[in-house]
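Descriptive structure summary
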Amino acid sequence: MKLGIMQPYFFPYLGYFQLLNYVDEFVLYDNIQFTKKGWIHRNRILMNGAPVYVSLPLKKDSDYLDVVRREIAESFVQEREKMLRRIAASYRAAPQFSAVFPMLEDCLRSSTSNLFVFLRECIRAVCSFIGIETRLVTSSTIPVDHTLRAQDKVIAICGAQGASGYINPIGGVGLYSADAFARQGVELQFLEPQIRPYAQGGIEFVPNLSMIDVMMWVPPDELRERLQEFRLVA
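In this text the structure is predicted, and so the values were computed from the model without any measurement.

Criteria and cut-off values
Residues numbered from 1 in each chain as written. Predicted model: local features only at pLDDT ≥ 70, side-chain atom pairs only at ≥ 80, totals over all residues. Heavy atoms only, no water. Axes fitted to C-alpha atoms, helices over the stretch in contact; angles between N-to-C directions. Helix = DSSP H or I, 4+ residues; strand = E, 2+ residues; numbered from the N terminus. Parallel < 35°, antiparallel > 145°, perpendicular 65-115°, else oblique. Left-handed = near helix turned anticlockwise from the far one by under 90°. Contact = heavy atoms within 4.5 Å. Nonpolar A, V, L, I, M, F, W, Y, C, P; charged D, E, K, R; others polar. Core = buried A, V, L, I, M, F, W, Y, C linked by side-chain atoms within 4.5 Å. Buried < 20%, exposed > 50% of the residue type's maximum accessible area, 1.4 Å probe, protein only. Expected span 1.5 Å × (residues − 1). Polar contact = N/O pair within 3.5 Å; in protein donor to acceptor, adjacent residues only side chain to side chain. Pairing = 2+ DSSP bridges. Salt bridge = Lys/Arg side-chain N within 4 Å of Asp/Glu carboxyl O.

1. A few points about the packing of helix α3 (residues 97-108) against helix α4 (residues 115-130)
Contact geometry of α3 with α4 gives a least axis separation of 10 Å together with a crossing angle of 160°. By the angle class used here, α3 and α4 are roughly antiparallel. In the crossing of α3 with α4, the sense of the turn from one axis to the other is right-handed. Between α3 and α4, the contacting residues are Ala 99, Val 100, Met 103, Cys 107 and Leu 108 on the first element and Phe 118, Cys 122, Ala 125, Val 126 and Phe 129 on the second. Broken down by class, the residue content of the contact of α3 with α4 amounts to ten nonpolar, no polar and no charged.

This is the structure in structure tokens:
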């Protein structure tokens, strides 16, 4: 069984979904510290041919809280309509707009204010939309010592879930030891996306945007093909 483990992100980029699609089971960290400098509550879309951020407003709280303990600000009830208008203005001419936009509306108009639940449901919605059937598991439900950190926690989760292989994004090459995983009977590999340019309305290609951008421009059949375009590094 191939396992992937990631933080939840706000409509993450294509490489995230390549990993999610490839593994048999995908663990979403809920009991991991929130960081405002990453992609947990924000991402980038195209507007007037340039990348711009779209962000979830969060209630003021300690930056040391886990993701599952953070809440979306009450102002999002109004701000999400502004976000939807920005997305509509940016992508109304995109070929897949009429299919994709209703799904985004349903996600952004979710009644939950819990950040982790909101992100998890958005990821599930994208998976359903593009046909990914990988099982999603919330990390805190796994019976391991949750005080463990980094590689030790990943190995413990692999053991608890019966994984024979662990697949990590290529950016983590320097963080993990193949020997440490092998001693626990787990093969360590890294997934490196091979993302081909796609048409973005006549502008020079801007890579690594939110999956929103990919879904707007790429037809479903081609998108399924692009989920397979990566290489595995041992």
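2. Some points on the nonpolar core
Core analysis: the biggest nonpolar cluster contains 62 residues, and Ile 87, Tyr 91 and Met 216 have the highest contact counts within it. Secondary-structure elements contributing two or more residues to this core are α1 (14-22), β2 (25-28), β3 (42-47), α2 (76-91), α3, α4 and α7 (211-217). Of the residues forming this core, the biggest block, ten residues, is contributed by α4. Ignoring sequence-local partners within four residues, the contact set of Tyr 91 consists of Ile 45, Leu 46, Phe 97, Ile 212, Asp 213, Met 216 and Trp 217.

3. So, the packing of α1 against α4
Direction vectors running N to C along α1 and α4 enclose 75°, while the axes themselves pass 12 Å from each other. Between α1 and α4, the interaxial angle falls into the category roughly perpendicular. Contact residues: α1 offers Tyr 16, Phe 17 and Leu 20, while α4 offers Ile 123, Val 126 and Cys 127. In terms of residue class, the contact of α1 with α4 is built from six nonpolar, no polar and no charged.

4. Structural notes on α4
Given a rise of 1.5 Å per residue, 16 residues ought to cover 22 Å, and the 23 Å separating the end C-alpha atoms of α4 matches this to within 8%. Structurally, the start of α4 carries an N-cap: the backbone nitrogen of Phe 116 is 3.1 Å from a side-chain oxygen of Asn 114. Downstream of α4 by one or two residues, Gly 131 has phi in the positive range, about 90°.

5. Focus on unusual backbone geometry
Unusually for a residue other than glycine, Phe 11 sits at a positive phi of about 40°. Within the secondary structure layout, Phe 11 lies in the loop between β1 (2-6) and α1. Positioned with a positive phi, Ala 150 is a non-glycine residue whose angle comes to about 50°. With respect to the helices and strands, Ala 150 occurs in helix α5 (residues 150-161). Since its relative accessible area comes to 58%, Ala 150 is described here as exposed.

6. Structural notes on the sheet that holds β1
Reading across the sheet, the six strands line up as β5-β2-β1-β6-β7-β8 and stay open at both edges, with mixed pairing between neighbours. Whereas interior strands pair on both sides, the edge strands pair on one side only; in this sheet they are β5 (135-138) and β8 (230-233). In this sheet, adjacent strand axes meet at a mean angle of 30° when their direction is disregarded. Here four bridges tie β1 to β2, and the two strands are oriented parallel to one another. Along β2, the bridge assignment pairs Leu 3 with Glu 25.

7. Here we look at the pattern of salt bridges
Within the structure shown, the criterion is met by twelve salt bridges. Glu 121 is the partner of Arg 120 in a salt bridge, and the nearest nitrogen-oxygen pair spans 3.0 Å. Judged by relative accessible area, Glu 121 falls into the partly exposed class, the value being 31%. Glu 192 serves as the salt-bridge partner of Arg 231, at 2.5 Å between the closest nitrogen and oxygen. Within this pair, whereas Arg 231 is found in strand β8, its partner Glu 192 is found in strand β7 (residues 187-193), the two being separated by 39 residues in sequence. For Arg 231, a relative accessible area of 44% gives the class partly exposed. Several salt bridges share partner residues, and in doing so they unite Arg 80, Glu 81, Glu 105 and Arg 109 into one network.

Without other data, these values stay purely geometric and don't point to any function.
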